[in-house]
Amino acid sequence: MLTLHFAPDNASLIVRMALLELGLPFQTVLVDRSVRAQDHADYRALNPAGLIPVLETPEGPLFETGAILLWLVDQFGQIGPQLGQPSRADFLKWLFFLSNTVHADLRQVFYPDQYVPQTAKTAHHGLITARLIRHFSVLDPVVAARPDLFGPGMALSIYLLVLARWARLYPTDGPVWLQLDTFPALARLAATCDGRTAVRAAAQAEGIGPSLFLIPSPCNPTLGSVL
Ligand SMILES: N[C@@H](CCC(=O)N[C@@H](CS)C(=O)NCC(=O)O)C(=O)O
């Protein structure tokens, strides 16, 4: 049995969707961010960095969203190319780009206090969001050209669409700096994927409204908190 440690609309959402796309049985455990459960000893025993998600597997607890997606692809296929398949090298390249660059940069928008002093926040926000917009522009033609990697239900699509969702929503009190209509392939993918059964099921489980990707609205969870 797989166990996903999650908080609503956190990076665990990406893993939840991948598990649902794969049709795998799994159970979930809430990491209650309102009491900083990610810092408690039992959670740190699973992920010493105290970040969400963790997926408990027969091979032990896994953390890092990209690593979990890669493990799922290696174990079960379907949502991405396995070792030896033709697009595997390209899959790895874009998976690491999403994880190491886009996701890591978004963290700086969401948690500026962890990265820059108060006095540098406004300048930093401008620089990092410009870099993110540039990188979404790099990704958009790849989405259009590579449905084998970025088709509906694929691991890379799930990861990218959730990152684009957050970029448009969080922090909820900040300015909107990403417009989806600037990225036509991503917008088309968002519209297609909003209706997927796995996406709808993930949204329902986490208190997210009817459109996760195309017209995202903030999560209103019945369990736990987003931050
Ligand atoms: N590199 C990590 C980042 C995960 C991450 O940033 N998780 C956020 C929630 S979306 C978190 O745990 N935030 C709590 C914190 O930073 O203390 C991954 O890919 O899993």
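Below is a summary of the structure that appears in this document. All of these numbers come straight from a predicted model, not from anything done at the bench.

Our focus in this paragraph is the pairing of strand E2 (residues 26–30). With five bridges joining them, strand E1 (residues 2–6) and E2 adopt parallel strand pairing. Note on E2: the bridge partner recorded for leucine 2 is phenylalanine 26. In this view, the connection linking E1 to its parallel neighbour E2 by way of helix H1 (residues 12–22) has right-handed handedness.

With respect to spatial proximity, 14 residues lie near the ligand, and among them Ile52, Glu64, Thr65, Arg107 and Tyr111 are the closest. Within the contact set of the ligand, an oxygen atom lies 2.8 Å away from a side-chain nitrogen or oxygen of threonine 65. Contacts to the ligand include tyrosine 111, whose side-chain N or O atom sits 3.0 Å from a nitrogen atom. For the ligand, whose unbound accessible area comes to 510 Å², protein coverage reaches 90%. In terms of residue class, the shell around the ligand is built from five nonpolar, five polar and four charged.

A word on the packing of helix H7 (residues 155–169) against helix H8 (residues 184–194). Viewed as axis vectors pointing N to C, H7 and H8 meet at an angle of 100 degrees, and their least axial separation amounts to 11 Å. Comparing the axis directions of H7 and H8 gives the class roughly perpendicular. For the pair H7 and H8, contact is made by Ser157, Leu160, Leu161 and Ala164 and by Leu186, Leu189, Ala190 and Cys193, respectively. By residue class, the composition of the contact of H7 with H8 is seven nonpolar, one polar and no charged.

Calculation rules
Residues numbered from 1 in each chain as written. Predicted model: local features only at pLDDT ≥ 70, side-chain atom pairs only at ≥ 80, totals over all residues. Heavy atoms only, no water. Pairing = 2+ DSSP bridges. Helix = DSSP H or I, 4+ residues; strand = E, 2+ residues; numbered from the N terminus. Right-handed = clockwise from strand over helix to strand, strands pointing away. Near = heavy atom within 4 Å. Polar contact = N/O pair within 3.5 Å; in protein donor to acceptor, adjacent residues only side chain to side chain. Areas by Shrake-Rupley, 256 points an atom, 1.4 Å probe, with all protein chains shown as cover. Nonpolar A, V, L, I, M, F, W, Y, C, P; charged D, E, K, R; others polar. Axes fitted to C-alpha atoms, helices over the stretch in contact; angles between N-to-C directions. Parallel < 35°, antiparallel > 145°, perpendicular 65-115°, else oblique. Contact = heavy atoms within 4.5 Å.

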